[in-house]
Amino acid sequence: MTPEFSRMVNLARLPPEGREERLEAKPAECAALARRFGILGVNRLVARLRLRPEPGGLATVDGRLEAEVVQACVVTLDPVVQAMDEPVRLRILAPGEAPSEDPEAPDEIEAEGDSVDLGEAIAEQLALALDPYPRVPSAALPGEGEGEEPPPSGPFAGLAALRKRG
């Protein structure tokens, strides 16, 4: 199955100094990504990347992911439009190469022969960057922002007052 945003890049022709790649999703690809991620829309998705050959591996990818997405507010379900500008750092592994166990290492993707699907890698980076709890600025959860807690009452109210003084 072909991913919604597929951009195969041949790494065999990567010059020693590296090269720039610009990936931009078409409207139909944006709509398909929105369906995949269960959000209201992906208005724009662009990645500006620099590919460089890497000793011991195939390549590294550095750049930026820029997007505009529309998600439903978790409180009101109103549309929340969010602009994203995220750094991208990937390491492309040769087929069969073991991934790094270093949690600080860049995300790693395995090449398919001499090629890699950078579009799918960027789609995955977009999914990771989505706000898990989007909210419109005026939305408040029940009980949120209602001021301070009422003063304690009952048999332990005196103890609570002493604890605050100490």
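A brief structural summary. Everything numeric here is computed off the predicted structure, so don't read it as measured data. (Residues numbered from 1 in each chain as written. Predicted model: local features only at pLDDT ≥ 70, side-chain atom pairs only at ≥ 80, totals over all residues. Heavy atoms only, no water.)

Residues three or four positions apart in an α-helix share a direction because the helix packs 3.6 residues into each turn. With 12 residues, helix α2 (residues 118-129) ought to run about 16 Å at 1.5 Å a step, and its terminal C-alpha atoms sit 16 Å apart, in line with that. Every buried residue belonging to α2 is among L118, G119, E120, A121, I122, A123, Q125 and L126, and all of these are buried. The opening residue of α2 is D117, an N-cap whose side-chain oxygen sits 3.2 Å from the backbone nitrogen of G119. (Helix = DSSP H or I, 4+ residues; strand = E, 2+ residues; numbered from the N terminus. Expected span 1.5 Å × (residues − 1). Buried < 20%, exposed > 50% of the residue type's maximum accessible area, 1.4 Å probe, protein only. Polar contact = N/O pair within 3.5 Å; in protein donor to acceptor, adjacent residues only side chain to side chain.)

Another point: the nonpolar core. Side chains of a nonpolar character, in soluble globular proteins, are inclined to be buried together. If you look at the biggest cluster of nonpolar residues, it comprises 34 residues, and the most contacted ones within it are V42, L45, L49, I92, L118, I122 and L126. Within the residue set of this core, elements represented by two or more residues are α1 (27-37), β3 (41-53), β4 (59-72), β5 (79-93) and α2. L118 has contacts with R7, V9, L23, L49, L51, V61, I92 and I109, leaving out every residue within four places of it along the chain. (Core = buried A, V, L, I, M, F, W, Y, C linked by side-chain atoms within 4.5 Å. Contact = heavy atoms within 4.5 Å.)

Bringing the environment of A121 into the picture now. Mapped onto the fold, A121 is located in helix α2. Residue classification places A121 among the buried residues on the basis of a relative accessible area of 2%. Taking the C-alpha atoms as reference points, A121 and F5, separated by 116 residues in sequence, lie 9.1 Å from one another. Setting aside residues no more than four positions away along its own chain, A121 makes contact with L90 and I109.

Take the pattern of salt bridges next. In this structure the tally under the stated criterion is 14 salt bridges. Among the salt bridges present, the one from E66 reaches R44, with a minimum N-O distance of 3.7 Å. Here E66, found in strand β4, pairs with R44, found in strand β3; they are 22 residues apart in sequence, far enough to count as distant. R44 gets classed as partly exposed once you look at its relative accessible area, which sits at 36%. Residue E66 is joined to R48 by a salt bridge in which the shortest nitrogen-to-oxygen separation is 3.0 Å. On the criterion of sequence distance, the pair formed by E66 in strand β4 and R48 in strand β3 is long-range, its members being 18 residues apart. On the basis of relative accessibility, which here comes to 22%, the residue E66 falls in the partly exposed class. The exposure class assigned to R48 is partly exposed, which follows from its relative accessible area of 39%. If you follow the salt bridges from partner to partner, you end up with E54, R91, E97 and E108 in one network. (Salt bridge = Lys/Arg side-chain N within 4 Å of Asp/Glu carboxyl O.)

Taken together, the buried positions of α1 are E29, C30, A32, L33, A34 and F37. On its buried face, α1 sits against β2 (19-24), β3 and α2. Positive backbone phi, approximately 70°, marks G38, located one or two places after α1.

On their own, these measurements won't tell you what the molecule is for.
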